[in-house]
Amino acid sequence: MKRLSMLLIVVSMCFTSCAAHYGLPQNYNQNTTEVVLTENNFKVVNIAKGEASATYIFGIGGLAKNGLVAEAKAKMLQSAGMEGASRTVINELVEVKTSGFLFFFNKYKVIVSGQIIEFL
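One structure accompanies this document, and this report is about it. (Residues numbered from 1 in each chain as written. Predicted model: local features only at pLDDT ≥ 70, side-chain atom pairs only at ≥ 80, totals over all residues. Heavy atoms only, no water.)

Below, the discussion takes up the nonpolar core. Counting residues in each nonpolar core, the largest one holds 15 residues, and the members touching the most others are V94, V110 and V112. Of all the elements, helix α2 (residues 65-80) adds the most residues to this core, at five residues. (Core = buried A, V, L, I, M, F, W, Y, C linked by side-chain atoms within 4.5 Å. Buried < 20%, exposed > 50% of the residue type's maximum accessible area, 1.4 Å probe, protein only. Helix = DSSP H or I, 4+ residues; strand = E, 2+ residues; numbered from the N terminus.)

Structural data, given as structure tokens:
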């Protein structure tokens with residue numbers, strides 16, 4: 001009976017995985033632009049979003065966490081279409097989702113989103 005119990009525990013641990021998600025307004029990359037929105041001289045145009053992910057097998061592979069954030073932010077700014085207009089991104093949100101299978105396989109996904117505003 002002990003062997004069967006141990007076998008079931010080992011088998012169940014081999015087929016389990018876990019995932020964690022946290023999305024907090026964090027400023028991984030320091031911006032020096034300051035926008036003061038005290039007057040009603042702007043309108044919200046759109047929402048921009050960029051994603052980056054990395055996979056680690058036995059802890060090897062992928063990019064560093066700040067590299068993923070920078071890549072996701074670059075994709076967000078590219079999709080924002082701000083060239084030639086008086087627009088900026090506000091309310092940036094960095095979300096990080098991690099999932100894995102024991103210590104063998106881990107996947108990190110970073111999503112950066114923000115609102116695009118245009119000054120009138």
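Although it is not a glycine, N91 adopts a positive phi angle of roughly 50°. Its place among the elements puts N91 in strand β3 (residues 87-101).

For the coordinates displayed, the defined rule picks out two aromatic pairs. Relative to Y108, the ring of Y56 has its centre 5.4 Å away and its plane inclined at 90°; by these criteria the two rings are edge-to-face. Of the two residues, Y56 is situated in strand β2 (residues 42-57) and Y108 in strand β4 (residues 105-119); the sequence distance between them amounts to 52 residues. You can call Y108 partly exposed: its relative accessible area is 32%. Their ring planes at 80° and their centres at 5.6 Å tell us that F58 and F104 sit as a pair that is edge-to-face. One end of the pair, F58, is in the loop between β2 and α2; the other, F104, is in the loop between β3 and β4, and 46 residues separate them in sequence. Residue classification places F58 among the exposed positions, given a relative accessible area of 59%. The exposure class assigned to F104 is partly exposed, which follows from its relative accessible area of 39%. (Phe/Tyr/Trp six-rings, centres within 6.5 Å; stacked < 30°, edge-to-face > 60°.)

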